[in-house]
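What follows is the residue order along each chain.
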Amino acid sequence: MAKEKKGVRLEHISKIYQDPKTHKDFYAVHDTSLEIEPGSFVTLLGPSGCGKTTTLRMIAGFESPDEGEIYLGGEPINALTPNKRDTAMVFQSYALLPHYNIFDNVAYGLKLRKLDKETIRTKVMDILKLVGLEGMEARMTNQLSGGQQQRVALARALVLEPGVLLFDEPLSNLDAKLRVSMRTEIRRIQQEAGITAVYVTHDQSEAMALSDKIIIMEKGVVSQMGSPQEIYYHPKNEFVADFIGDANFLKGRMSRHEGGDGIVSIGGTEVRVAAAEGVADGADTTVVLRPESTVLADKGYFPVKVVVSSFMGAYQLYHVMLGETKLIIHEYNPKGKKIYAMGDTAYIGFEPGNAHCI
Amino acid sequence: MATAQGAALDRKKLMADPIMVTTIVVLITFLTLFILYPLAILLIDSLYGDGNGLSLSVFKRVLAMPTFTRAIGNTLKIGFVVGILSTLIGLLFAYVEVYVKMNRFAGGLFKLVSMLPVVSPPFVLSLSMIMLFGRSGLITRFLLGIYDNNVYGYWGIVIVQTLTFFPVCYMMLKGLLKNIDPSLEEAARDMGASRWKVFTDVTFPLMLPGLGNAFLVTFIESIADFANPMIIGGSYDTLATTIYLQITGAMDKVGAAAMAVVLLCITLAMFAVQKFYLESKTAATLTGKASRARMLIEDKSVTIPLTILCSLGALFVIVMYICVPIGALFPTWGYKFTPLTFKWFGQVFSKYKGLKAFRDSFVLSLIASPITALLSMIISYLVVKRKFKAKGFIEAVSMLAMAVPGTVLGVGYIRGFSGGLFRTGFLQGLYGTGAILIIVFVVRSLPTGTRSGISALRQIDKSIEESAYDMGADSFKVFMTVTLPLIKDSFLSGLVTAFVRSITAISAIILLVTPSYLLITVQINEFAEKGAFSIACAFATILILITYGSVLLMNLVMKFFGTSRKIKEDE
Ligand SMILES: Nc1ncnc2c1ncn2[C@@H]1O[C@H](COP(=O)(O)OP(=O)(O)OP(=O)(O)O)[C@@H](O)[C@H]1O
Ligand SMILES: [Mg+2]
């Protein structure tokens, strides 16, 4: 089934909208350049209103970029209408054609391509099998559950063997459990089909679970792109660090570098941080610490006061105050470890390799 | 400017879709030629009509005619009074329906009353008014023994128009009242306000823009009405009838053009206020649906009198409508009531070329209605689902047509097409043909069709059509395979509405019809003018049977073939 995999490239793309209230123009997407490798699964992640959908709709052709050029498999596609683009989109609302049954929904695009009846039939049946909907082809769309409708939407896009598959928050209408199983399913199908996928979501765990590459957007611009690990362990700024998972921030000043590590002075105490390449000696810096990499003990760098201590099962959750700053700590496998109670005083510490400077 | 690239790309994408481009061009041409041009020619006529270049002399001349200035006064006075009365009666009915616990029978009456004016020819109530309350009226003469009651004139028009238009207000206000959140009123009740106080302090202020809206809509309908003043106005002339007489009696087409411009200005001004001021205000005060069901008033001392009052009113209206078919069965109205006879119906066909009249009206309307329905669906689709430069123009002009009285359009067509376009002879062949009658039918029904098409399309998630587009369908395919099937019901009812409106139309058509076409409505008007009420009633009865029949047929078809309803219900 794997036809030609296509990559997508955005070069300095901008989209300007008019604010309906003030009638002022603003950039919904601003000067965005990105490269999506053929066959990879890329997620656009960001808070509401950051321009994810707009970016996706420009790739699909529903919106025209006001600046820049979009390439699909090396070809510029700015002037192509959506029906002429080798893309297929899975909509948030599924957008199934309510007056057709499942078979006709999936066959719609194939019929438009004037394939013969037999070919259409085999292709549709194969795809329905792939998404686990065999035997349901005669049902109407309103006789399906949300998850099944989602599969039809996916099948309908996949059957066209598009160069790139576009998803706009396809799972947001499903309940939490189904969301998790469907995303595994989507990833499996995408890999089986070997298709390029661009996936929009504002759910970070979805992005982490699915992606080869995550692109974090904020207010119309890309803040960071990279593998889930890079994004998680080496966020470039506080926005990214905070958006992906929880993060603790310690403000300080870079004193010096020692054998690749940075020595950061925080309120007079010097701490060692492994990832500190980008920060010059003497510059202000922020140390980013993930809750699960922060250790609470009787000895450490800084004394803190425990304000919340609760058992979460897999871990003990602490909120502690370092002066005026609140820090979050996850102590995994709490069984058999020392548990601090509310009001206790303790010290926090961390391994140099688990922290980094921004 | 950076947006230039986006706009240029949008244009390029549009151009890649030849069917879409053709449709837009054809639409723009149609709207310009058959709505804007006739109105423009009226203005040109009245400014240049006396042959001395640009001057106001034509306006001066017509404004010096006492008949005309009197007609302006009459029209405004009637519009105002009818507007107020219809709004108040409509409000009463709406309030009773939404707030008061009613029995099934009264509910049925209300429904009937709201439907009758929509499917009836425009002058039915005038006919029955004359037959019930006129000089030899059933009620005035035989019940009350009044021998010289004069229904013709001011009061006749006011009563007939009010009875014709209040159901429209009732439907509008019902929608509004249903949207008021009951908790607002309950809060006031809770603080100790009486029901009356709640109404005056909460409900009424919330509805005020809506009431203004209903008033203006009725006002516009009233001053545009031609048929009722024609039949029951007697010597009391309104603008519509004066313009008609200026053409058919005084043969002063240029004067009529200037008068039409005056009438148009009045309706346009009202329309502008309604559209841009009141509609947005209504939307602002009443946002969204009521959150909960409303506690109905069950207090018998309130429900019984209100229900009886409204039911009686409704019954009266229904009797007025039934009066026409019954009138056609009496041997001689006013003198001899038995035995009932079909002789008038016989005469319709034997003596008065009834068959030709019905065939002509029927065929022309039958051709016009699918064109209207399709055009209004295409316009709605373009307006709701697509974006392109000329969209504003298309939307504005098709809505503008709503504010143009039929008489004005009729005069515009006479001036605009009798000598060809701009009197060059180009397209002159159109004038006097059935084609121009069909075009008038289409233009007259287009705004209603477009409005209901737009609201039907707004219900459909935009991404459904986008998904089809994305899978490779072009605009034409999307429209035919997705949009149209999803609004099948709306399309069907648009079809029937257009048919009913066309076959009952008179105001524009009466100015344009030539002897080669006999139209039922024109016939009815003619016989009513002559005082031949039995024949007029017989004609009207058959017309009513046709329109009711087609509505029933539509309901049947929708029941068995309407997919869109099934989809909606199951969701
Ligand atoms: N047609 C439009 N006209 C004007 N502004 C628009 C239009 N479409 C989107 N916007 C604005 O552009 C910005 C980006 O919108 P976009 O839909 O891309 O956000 P998003 O990242 O997908 O958000 P969400 O997670 O809520 O879906 C928002 O501020 C939005 O209000
Ligand atoms: Mg979005």
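These figures come from a predicted structure and were not determined experimentally.

A.B. asks: Just to check I follow, could you spell out the overall build of chain B for this structure?
C.D. replies: Of the regular secondary structure elements, chain B holds 26 helices and zero strands. Scaling as 2.2 N^0.38, a compact globule of 571 residues should have a C-alpha radius of gyration of about 25 Å, and chain B matches this with 25 Å. Dimensions of chain B, computed from the C-alpha atoms along their principal axes, are close to 80 × 70 × 50 Å. Taking all 571 residues of chain B together, 55% fall into the buried category.

A.B. asks: Help me understand the interface of chain B and chain A in this model?
C.D. replies: Quite often, the size of an interface is put as the accessible area lost when its parts meet. If you look at the interface, chain B gives 32 residues, while chain A gives 38 residues. Taken together, the two surfaces of chain B and chain A that pack against each other cover about 2900 Å², and 57% of this comes from carbon and sulfur. Mapped onto the side of chain B that touches chain A, the elements with two or more residues apiece are α1 (3-15), α20 (462-470), α21 (475-486) and α26 (563-570) of chain B. Tallied by class, residues from the side of chain B that touches chain A come to 14 nonpolar, seven polar and 11 charged.

A.B. asks: What am I meant to see in the layout of surface pockets here?
C.D. replies: Here the idea is plain: a probe the size of a water molecule rolls over the atoms and shows the empty space left. Taken as a whole, the second largest pocket encloses approximately 700 Å³ of empty space. Contributing to the lining of the second largest pocket are 23 residues, with A7, D10, K387, F388 and K389 of chain B lying nearest its centre. Contributing elements (two or more residues each) for the lining of the second largest pocket: β1 (8-18) of chain A together with α1 and α2 (18-48) of chain B. Among the elements that make up the lining of the second largest pocket, the one with the highest residue count is α1 of chain B (seven residues). Partitioned by chemical class, the residues of the lining of the second largest pocket number 11 nonpolar, three polar and nine charged.

A.B. asks: Explain the packing of helix α22 (residues 488-503) of chain B against helix α25 (residues 533-561) of chain B here, please?
C.D. replies: What describes two packed helices is the angle between their axes and the distance between those same axes. All names here are of chain B. Between α22 and α25, the shortest axis-to-axis distance is 10 Å and the interhelical angle comes to 175°. By the criterion of interaxial angle, the relationship of α22 to α25 is roughly antiparallel. Touching K488, D489, L492, S493, V496, F499, V500 and I503 of α22 are L543, I546, T547, S550, V551, M554, V557, M558 and F561, all from α25. Counted by class, the contact of α22 with α25 contains 12 nonpolar, three polar and two charged residues.

A.B. asks: I would appreciate a short explanation of the domain arrangement of chain A in the present structure.
C.D. replies: Residues and elements named next belong to chain A. Examined at the domain level, chain A breaks down into domain 1 (8-238) and domain 2 (246-357). Contact residues are listed per partner, giving six residues for domain 1 and eight residues for domain 2. Approximately 630 Å² of surface area, both sides summed, lies buried where domain 1 meets domain 2, with 47% of it carried by carbon and sulfur atoms. Contact with domain 2 buries surface across domain 1, with Y232, P235 and E238 losing the most and accounting together for 75% of the total. On inspection of domain 1 and its partner domain 2, the count reaches one salt bridge. K251 is paired through a salt bridge with E238; the nearest N and O atoms lie 2.6 Å apart. Linking domain 1 to domain 2 there are five residue pairs in polar contact (both at pLDDT 80 or more). The greatest single-element share of the side of domain 1 that touches domain 2, amounting to three residues, is contributed by helix α7 (residues 228-233).

A.B. asks: Is there a simple way to explain the sheet that holds strand β15 (residues 295-297) of chain A in this structure?
C.D. replies: Working definition: the strands of a sheet are paired by backbone hydrogen bonds and lie parallel or antiparallel to each other. All names here are of chain A. In space, the five strands of this open sheet follow the order β15-β19-β16-β17-β18, with antiparallel pairing throughout. Two strands in the sheet have a free side with no partner beyond their single neighbour: β15 and β18 (325-332). Strand after strand, the sheet turns through a mean of 45° between neighbouring axes, direction not considered. The pairing of strand β16 (residues 302-311) with strand β19 (residues 345-349) spans four bridges and is antiparallel. Across the sheet, residue P303 finds its bridge partner in β19, namely Y347.

A.B. asks: How should I be thinking about the domain arrangement of chain B in this particular structure?
C.D. replies: Residue and element names in this part refer to chain B. Along its sequence, chain B is carved into domain 1 (7-44 + 342-564) and domain 2 (60-327). Each of domain 1 and domain 2 has a C-alpha centre, and these two points are 25 Å apart. The interface of domain 1 with domain 2 comprises 36 residues on the first partner and 35 residues on the second. Scanning the region where domain 1 abuts domain 2 turns up zero salt bridges. Among the elements of the structure, α2, α17 (391-400), α18 (406-417), α23 (509-512), α24 (520-530) and α25 are those that each provide at least two residues to the side of domain 1 that touches domain 2. Looking at the side of domain 1 that touches domain 2 element by element, the count peaks at 11 residues for α25.

A.B. asks: Teacher, can you tell me more about empty space enclosed by the protein here?
C.D. replies: Tallied over the entire structure, the rule returns two cavities of 30 Å³ or more. Reported here for the second largest cavity is a volume of approximately 30 Å³. A88, M89, A153, R156 and A157 of chain A together with S467, D470 and M471 of chain B together form the lining of the second largest cavity. For the lining of the second largest cavity, the secondary structure elements donating two or more residues are β6 (87-90) and α4 (146-158) of chain A together with α20 of chain B. Tallying contributions element by element places α4 of chain A first for the lining of the second largest cavity, with three residues. The residue inventory of the lining of the second largest cavity, partitioned by class, reads five nonpolar, one polar and two charged.

A.B. asks: Just to check I follow, could you spell out the pattern of salt bridges for this structure?
C.D. replies: Oppositely charged side chains are able to pair whenever their charged atoms sit close together. All names here are of chain A. Scanning all chains against the criterion turns up 26 salt bridges over all chains. Of the charged contacts, one joins E192 and R188 as a salt bridge, the two residues approaching to 3.0 Å between their closest N and O atoms. Taken together, the residues span about one helical turn, with E192 and R188 both in helix α5 (residues 176-193) at a distance of four residues. For R188, a relative accessible area of 32% corresponds to the partly exposed category. Of the charged contacts, one joins D298 and K338 as a salt bridge, the two residues approaching to 3.3 Å between their closest N and O atoms. One end of the pair, D298, is in the loop between β15 and β16; the other, K338, is in the loop between β18 and β19, with 40 residues separating them in the sequence. With relative accessibility at 47%, the residue D298 sits in the partly exposed group.

A.B. asks: Just checking my understanding: could you explain the side chain of D261 of chain A for this structure?
C.D. replies: Residues and elements named next belong to chain A. Along the chain, D261 falls in strand β12 (residues 261-266). Judged by its relative accessible area of 18%, D261 is buried. A distance of 3.1 Å separates the side chain of D261 from the side chain of R272, its partner in a polar contact.

A.B. asks: Got a minute to help me understand the environment of S86 of chain B in this structure?
C.D. replies: Residue and element names in this part refer to chain B. In this fold, S86 is placed in helix α4 (residues 66-99). When the C-alpha positions of S86 and F215 are compared, they lie 7.5 Å apart, and in sequence the two are 129 residues distant. Residue contacts for S86: discarding those within four places in its chain leaves T162, F165, F166, C169 and T218.

A.B. asks: Just to check I follow, could you spell out the packing of aromatic side chains for this structure?
C.D. replies: Describing an aromatic ring pair means giving the distance of the ring centres and the angle of the ring planes. Residue and element names in this part refer to chain B. In total, this model carries 35 aromatic pairs over all chains according to the counting rule given. Consider the rings of F226 and Y244, whose centres lie 5.1 Å apart with planes at 70°: the pair is edge-to-face. On the criterion of sequence distance, the pair formed by F226 in the loop between α10 (195-224) and α11 (227-232) and Y244 in helix α12 (residues 239-248) is long-range, its members being 18 residues apart. Since its relative accessible area comes to 1%, F226 is described here as buried.

A.B. asks: Quick question: what am I supposed to make of the site of ligand 1 here?
C.D. replies: Residue and element names in this part refer to chain A. The environment of ligand 1 is formed by 13 residues, the closest being S48, G49, K52, T53 and T54. One of the backbone N or O atoms of G49 is found 2.7 Å from an oxygen atom in ligand 1. Contact between ligand 1 and C50: an oxygen atom at 3.2 Å from a main-chain N or O atom of the residue. If ligand 1 stood free it would expose 630 Å²; the protein chains cover 63% of that surface. Element by element, the count of residues in the shell around ligand 1 is highest for helix α1 (residues 52-60), at three residues. In the shell around ligand 1, the residues fall into four nonpolar, seven polar and two charged.

Cut-off values and rules
- Residues numbered from 1 in each chain as written.
- Chains lettered and ligands numbered in written order.
- Predicted model: local features only at pLDDT ≥ 70, side-chain atom pairs only at ≥ 80, totals over all residues.
- Heavy atoms only, no water.
- Helix = DSSP H or I, 4+ residues; strand = E, 2+ residues; numbered from the N terminus.
- Rg over C-alpha atoms; globule rule 2.2 N^0.38 Å.
- Buried < 20%, exposed > 50% of the residue type's maximum accessible area, 1.4 Å probe, protein only.
- Contact = heavy atoms within 4.5 Å.
- Buried area = accessible area lost by both parts, 1.4 Å probe.
- Nonpolar A, V, L, I, M, F, W, Y, C, P; charged D, E, K, R; others polar.
- 1 Å grid on protein atoms, 1.4 Å probe; cavity = no way out; pocket = protein on both sides within 12 Å on 5 of 7 lines; lining within 4 Å.
- Points joined across faces, edges and corners; volume = space filled by probe spheres on them.
- Axes fitted to C-alpha atoms, helices over the stretch in contact; angles between N-to-C directions.
- Parallel < 35°, antiparallel > 145°, perpendicular 65-115°, else oblique.
- Domains from an automatic or database assignment.
- Salt bridge = Lys/Arg side-chain N within 4 Å of Asp/Glu carboxyl O.
- Polar contact = N/O pair within 3.5 Å; in protein donor to acceptor, adjacent residues only side chain to side chain.
- Pairing = 2+ DSSP bridges.
- Phe/Tyr/Trp six-rings, centres within 6.5 Å; stacked < 30°, edge-to-face > 60°.
- Near = heavy atom within 4 Å.
- Areas by Shrake-Rupley, 256 points an atom, 1.4 Å probe, with all protein chains shown as cover.

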